Amino acid sequence: MQRVIDSILGQATDDGRLPGVVASVVNGDGVAYEGAFGVRSLETGVAMTTDTVLRVASQTKSVVAVACLQAVEDGLLDLDAPAADVVPSLGDLEVLEGFDESGTPILRPAVTTVTLRNLLTHTSGSVYEFWNAESARWLEATGQPDFMSGRLATLDRPLAFDPGTDVAYGLGLDWAGRMLEEATGRRLGEVLADRLLEPLGMADTGWAATPSMEERLASLHFAAGDDFLPLPPMEPEWEYESGGASLLSTVGDFSRFMSMVLGNGELDGERILRPETLAMACRNNIGDLRFINETSTNPMVSNDFEYLPGVPKTWGLGWMVNEEDAPSGRSAGSVFGAGLYNSWFWVDHTAGVGGMFATQVLPYFHLPAYDLFCQFETAVYDHLAA
C-alpha cells in the first residue's frame, strides 16, 4: 500500500496538480499509512510533512459533535429537547420565505422547534450563505456579517426551512458548540482539551496555534486555472470558538480521532464515548431525508458539489453516512466528512479502515483534489482486497 499510494500522491504534486498533499490511513492496529508530498507553501518552498499543521475547517464538526455527545451521556444536553432550553435565542428563530418587491426580507416564525439532533444533522435550517442564495441575499440586504467575518453575530440569521423538514449543510454545529459552552459553563476549547484532545493525545489540535504549530502551518493557495496563487492569511479575529470550523490539526492527530471512532469510542484504554452512543451517531439520524448536493453562490469559496453521485447519503450525528457501498469500495454505513480547503476523511467499521486526505486549496471541491482523494481511497480498498 505504501508504494502504490506514494506513487499516486507524489505524481500529483510532481506534475503540478496540487501544491502539497498529506494523507493517512488507520486500521485496527493504528496508523497503516502516512505520506506527505509537495510543499506547504509555493512562496517558501518548504516541504509538506506529515506533521504539517492544517486548517481542517468543517472536519471540526465531527470533533465537536463527539464532545456534544459526551455531554449527552453526562446528562448535560438532550438530543431531542428544545435547544432553546439551553440557548434561549434559539427559541426566537424565524424562517426566510423570500423578499418583497422592494427587496425587504419576508420572515415568519418557525413552525417547529430546533433540537440538538437537528443541529448535529444539518436539519436545523441554519445554512451557509456560500451554498444558499437566499441567505446570501439576506446578509447583503441587512448588512449582517457573513460567516467568514468570524463574528458571533453571523449566527443570528433566519432559517432556510423549518427545523426537521429538510437538510442543508450549515451552521448547526456552531450553535451546538454554543450549547455545549452554556451547558458546561466553559469555553469550547477548554471542554475539548479536557474531554477529548488530551485523552487522545491530540497535542497539535486547537483553535489557537502554539509556537510549534505556527512554525509548521501550511499556507493557503487559490486554484486559478492550472496555476495556484498564494493566498494571504484569511483567518479572521474570531469572536468565538467555532463548533463548525476553524480548528487546526495534523493528519497524525486526526488519525488518533479516526482510530477512536474505529475503536467504537475507545483508543489506547481511553473511553471517549460509550459504544452504543458511537453506534447511534454513525447511523441515519434524519429519517427519510437525503443529502444530495450544494450549489455555490461564491466561486471564490466553493464549486458546486455532490459526494458519491447516485449513492444515497444521510446524516449521522456530526458526519455523513453513505447508505450503500461506494464505488471506491467503501462499505455502506461508513461515516465521512470534509473541510473547506479540500480535505476529506472517512471511517468504515465494516472494513475496519479509515483515512484522511488533505490539501490547503480553495475553492472547495477543486476537482483535481477530489479526484485524487478518490484515487487514494480506491487504492486503500484495492490493497484490502488483494
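Treat the numbers as computed from the prediction; the structure is a model and nothing was measured. (Residues numbered from 1 in each chain as written. Predicted model: local features only at pLDDT ≥ 70, side-chain atom pairs only at ≥ 80, totals over all residues. Heavy atoms only, no water.)

1. As for the pairing of strand 15 (residues 353-358)
Thinking step 1. The buried count for strand 15 comes to 6 of 6 residues, which makes it a mostly enclosed element.
Thinking step 2. Of the two faces of strand 15, the one lined by Val 353, Gly 355 and Phe 357 and the one lined by Gly 354, Met 356 and Ala 358 are each fully buried.
Thinking step 3. By the bridge criterion, 6 bridges tie strand 1 (residues 20-27) to strand 15 in an arrangement that is antiparallel. Bridge pairing in strand 15 links Ala 23 to Phe 357.
Thinking step 4. As paired strands, strand 14 (residues 343-348) and strand 15 are joined by 6 bridges and run antiparallel to one another. In the strand pairing of strand 15, Phe 345 is matched with Met 356. (Buried < 20%, exposed > 50% of the residue type's maximum accessible area, 1.4 Å probe, protein only. Helix = DSSP H or I, 4+ residues; strand = E, 2+ residues; numbered from the N terminus. Pairing = 2+ DSSP bridges.)

2. Observations concerning the packing of helix 1 (residues 2-14) against helix 10 (residues 367-385)
Thinking step 1. Where helix 1 contacts helix 10, the two axes come as close as 9 Å, and the packing angle between them is 170°. Taken together, the axes of helix 1 and helix 10 are roughly antiparallel relative to one another. Listed contacts from helix 10 to Val 4, Ile 5, Ile 8, Leu 9 and Ala 12 of helix 1 are Leu 372, Gln 375, Phe 376, Ala 379 and Val 380.
Thinking step 2. When its residues are assigned to classes, the contact of helix 1 with helix 10 shows 9 nonpolar, 1 polar and no charged. (Axes fitted to C-alpha atoms, helices over the stretch in contact; angles between N-to-C directions. Parallel < 35°, antiparallel > 145°, perpendicular 65-115°, else oblique. Contact = heavy atoms within 4.5 Å. Nonpolar A, V, L, I, M, F, W, Y, C, P; charged D, E, K, R; others polar.)

3. Considering unusual backbone geometry
Thinking step 1. Pro 363 follows Leu 362 through a cis peptide bond whose omega is 0°.
Thinking step 2. If you trace the backbone, Pro 363 turns up in the loop between strand 16 (361-362) and helix 10.
Thinking step 3. With phi around 50°, Asp 268 is a residue other than glycine that occupies positive phi space.
Thinking step 4. Residue Asp 268 is classed as exposed on the basis of its relative accessible area, which comes to 60%.

4. Some thoughts on the packing of helix 2 (residues 60-73) against helix 8 (residues 251-262)
Each pair of packed helices can be summarised by the angle the axes make with each other and by the distance between the axes.
Thinking step 1. Look at helix 2 against helix 8: their axes get within 12 Å of each other, and the N-to-C directions meet at 50°. The angle between helix 2 and helix 8 places the two elements in the oblique class. Along this stretch, helix 2 crosses helix 8, giving a crossing that reads as left-handed. Residues Ser 62, Val 63 and Val 66 of helix 2 touch helix 8, and the partners they reach there are Phe 254, Phe 257 and Met 260.
Thinking step 2. Broken down by class, the residue content of the contact of helix 2 with helix 8 amounts to 5 nonpolar, 1 polar and no charged. (Left-handed = near helix turned anticlockwise from the far one by under 90°.)

5. Focus on the sheet that holds strand 2 (residues 30-38)
Thinking step 1. As summarised here, the arrangement of the 7 strands in space is 2-1-15-14-13-12-11, forming an open sheet in which the pairing is antiparallel. At either end of the open sheet lies a strand with only one pairing partner, and these are strand 2 and strand 11 (313-315). When strand polarity is set aside, the average angle formed by the axes of neighbouring strands in this sheet is 20°.

6. A word on the packing of aromatic side chains
By convention here, two paired aromatic rings are described through the distance between centres and the angle between planes.
Thinking step 1. For the coordinates displayed, the defined rule picks out 32 aromatic pairs.
Thinking step 2. Here the aromatic rings of Trp 346 and Phe 376 are separated by 6.0 Å at their centres, their planes lie at 70°, and the arrangement is edge-to-face. Taken together, the residues Trp 346 in strand 14 and Phe 376 in helix 10 connect sequence positions 30 residues apart.
Thinking step 3. With a relative accessible area of 0%, Trp 346 lands in the buried category.
Thinking step 4. Owing to a relative accessible area of 0%, Phe 376 belongs among the buried residues under this scheme.
Thinking step 5. In this structure, Arg 137 is placed above the aromatic ring of Phe 99, and the distance from its NZ or CZ to the ring centre is 4.0 Å. (Phe/Tyr/Trp six-rings, centres within 6.5 Å; stacked < 30°, edge-to-face > 60°. Lys NZ or Arg CZ within 6 Å of the ring centre and 35° of its normal.)

7. Comments concerning the pattern of salt bridges
Thinking step 1. For the structure on display, the rule yields 16 salt bridges.
Thinking step 2. We note a salt bridge from Glu 97 to Arg 108, for which the minimum N-O separation is 2.7 Å. Of this pair, Glu 97 sits in strand 4 (residues 94-99) while Arg 108 sits in strand 5 (residues 105-109), placing them 11 residues apart in sequence.
Thinking step 3. One salt-bridge network, held together by shared partners, links Arg 178, Glu 181, Arg 187 and Glu 241. (Salt bridge = Lys/Arg side-chain N within 4 Å of Asp/Glu carboxyl O.)

8. Topic: the side chain of Glu 377
Thinking step 1. Position of Glu 377 among the secondary structure elements: in helix 10.
Thinking step 2. For Glu 377, a relative accessible area of 3% gives the class buried.
Thinking step 3. Non-local contacts of Glu 377, meaning those with residues more than four positions away in its chain, are made with Ser 328, Arg 330 and Trp 346.

9. Looking at the environment of Leu 262
Thinking step 1. For Leu 262, the location among the structural elements is in helix 8.
Thinking step 2. By relative accessible area, which is 13% here, Leu 262 ends up buried.
Thinking step 3. Distance from Leu 262 to Asp 348, taken between C-alpha atoms, is 7.3 Å for residues 86 residues apart in sequence.
Thinking step 4. Not counting the four nearest positions on each side in its chain, Leu 262 is found in contact with Val 26, Asn 27, Gly 28, Val 347, Asp 348, His 349, Gly 352 and Val 353.

10. A few points about the state of the cysteines
Thinking step 1. Per the stated rule, a full pass over the model turns up 0 disulfides.
Thinking step 2. Distance from the sulfur of Cys 282, which forms no disulfide, to the nearest cysteine sulfur (Cys 68) is 15 Å.
Thinking step 3. Judged by relative accessible area, Cys 282 falls into the buried class, the value being 10%. (Disulfide = S-S within 2.5 Å.)

11. What to know about the sheet that holds strand 6 (residues 221-224)
Thinking step 1. Judged by pairing direction, the sheet is mixed, and its 3 strands sit side by side in the order 7-6-16 without closing on themselves. With one partner strand each, in any of the chains shown, strand 7 (227-230) and strand 16 form the two edges of the open sheet.
Thinking step 2. Examined bridge by bridge, strand 6 and strand 16 share 2 bridges and lie parallel to one another. Looking across to strand 16, one finds that Phe 222 is bridged to Leu 362.

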